[in-house]
Structures are given as C-alpha cells and as structure tokens.
Amino acid sequence: MDHSTRKTKSTKNASPQSSPPITPEVVHLDEDNSVPSSFVGLERPASRTAEKERIRKGKTQARATGGSTPASITLLQKFDEESTKRDTRFERAYIQQQELIEIEKQNYMQQQEMIEIEKHKEEERIMNTDTTNMPPSLARYYESRKASILAKMSL
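Here's what I pulled together on the structure shown here.

Cut-offs used in this document
- Numbers given to residues run from 1 along each chain, matching the order in which its sequence is written.
- Totals for whole chains, interfaces and linings use every residue, but because this is a predicted model, local features are given only for residues with pLDDT of at least 70 and side-chain atom pairs only at 80 or more, for both listing and counting.
- As a rule here, side-chain values come from all non-hydrogen atoms in the structure, and water together with hydrogens is ignored.
- The helix count covers DSSP runs of H or I at least four residues long, the strand count covers runs of E at least two residues long, and both are numbered beginning at the N terminus.
- The cut-offs for exposure are 20% and 50% of the maximum accessible area for each residue type, with area from a 1.4 Å probe on protein chains only; residues under the lower value are buried, those over the upper are exposed, and the others partly exposed.
- In these tables, accessible area is a Shrake-Rupley quantity obtained with a 1.4 Å probe, and a residue counts as shielded only by the protein chains included in the view.
- The working definition used for a salt bridge is a side-chain nitrogen of Lys or Arg within 4 Å of a carboxyl oxygen of Asp or Glu.
- A pair of Phe, Tyr and Trp rings is counted when the ring centres sit within 6.5 Å of each other, with Trp represented by its six-membered ring. The angle between the planes then sorts it: under 30 degrees is stacked, over 60 is edge-to-face, the rest tilted.

For the rest of this paragraph, the subject is the overall build of the protein chain. Within the protein chain one finds 3 helices and 0 strands. Along its sequence from the N terminus, the protein chain presents helices and strands in the succession α-α-α. When burial is assessed residue by residue, the protein chain has 6% of its 155 residues classed as buried. For the protein chain, the exposed surface amounts to about 15,300 Å²; the carbon and sulfur share of it is 56%.

Now the structure itself:
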C-alpha cells in the first residue's frame, strides 16, 4: 500500500499532552458564605418522588374515606354521557340499516313479480302461436313448448 496517498487528519484529538494543565480555580465566598440575594425568596421545586408520594397519599385517603374526588365524578359523568350518545347513534344506525334491508326486500319482490309477468306473457304468446304455416322443425319446437306449458299449468 502506498503511504503517500493516505489522507492525514486535519485536526488533532485532545490528549492529556495537548490539553492545558488543570489548575484549581479559587472561589471566594463572602465572609458568611451565603448565596447571592437574588435567590433568597425562591423555593426549590418538589422532586418527582415527593410529588409521586403526595399523589399516592391522596389516593389512599380517597380509598380510606370511600368517597370519590369531584374530578373523578365529573369524568365518570362525562364518560356516561358519551356512552349514551354512542348507544343512541348505534341504535339509529341499526334502525336505518333495518329500513334499508326492508326497502331492498321490497325491490327484490317487485323485480320477481315483473319477471313472473314477463314469463306469463311469453307463455301466452307461445300458446297463441299458429304452427300451421311454419316449417315442420319449428312447428315441433312450438308444440313441445306448448305441451310443457300445459303440463306445468296442470300441476
């Protein structure tokens, strides 16, 4: 491998030899070692564990008294209202679906009646057809159709 074509680093890594020596900085506090006056009235915010403990205590107190907090009651009422609204929507959708099914049944029955009427018209036309002037094969066809119609009618 040719070493002359290798890329060289453009920046050096920080190493203990290249870092400046660590010198302790001197911090001078006031004589009474107090915090600056801008922080005098501020309180430290509660930690996560303290807040969790407070919440746990609130839950145990609510369980001990047997009562619910007003917030939980309002949430339950809101949930109940939403569930009744959802139920009424489902009931309306069900009723509409049943009406649609009934309309489709009626349409189907009307179509079946129309098909039956057309079928009767065709049978009547075949029964009224004069076969005397027809070729013999066509006359035989019409006579067999007439016979099947008569057989069906006699049942």
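Picking up where we left off.
Turning our eyes to something else, we now look at the pattern of salt bridges. Applying the stated criterion across every chain yields a total of 3 salt bridges. Close ionic contact of Lys152 with Glu123 constitutes a salt bridge, the shortest N to O distance being 2.4 Å. Here Lys152 is found in helix H3 (residues 136–154), whereas its partner Glu123 is found in helix H2 (residues 70–127), with 29 residues between them in sequence. On the accessibility criterion, Lys152 (40% relative accessible area) is partly exposed. The salt bridge involving Glu143 is made with Lys146; its shortest N-O contact spans 4.0 Å. With a gap of 3 residues between them, Glu143 and Lys146 both fall in helix H3, about one helical turn apart. Classification of Glu143 by relative accessible area gives partly exposed; the value is 39%. Exposure remark for Lys146: the relative accessible area of 13% places this residue in the buried category.

The full count for this structure, using the stated rule, is 1 aromatic pair. Here Tyr141 and Tyr142 contribute two aromatic rings whose centre-to-centre distance is 5.6 Å and whose plane-to-plane angle is 80 degrees, an arrangement assigned as edge-to-face. Given the relative accessible area of 42%, Tyr141 is considered partly exposed.

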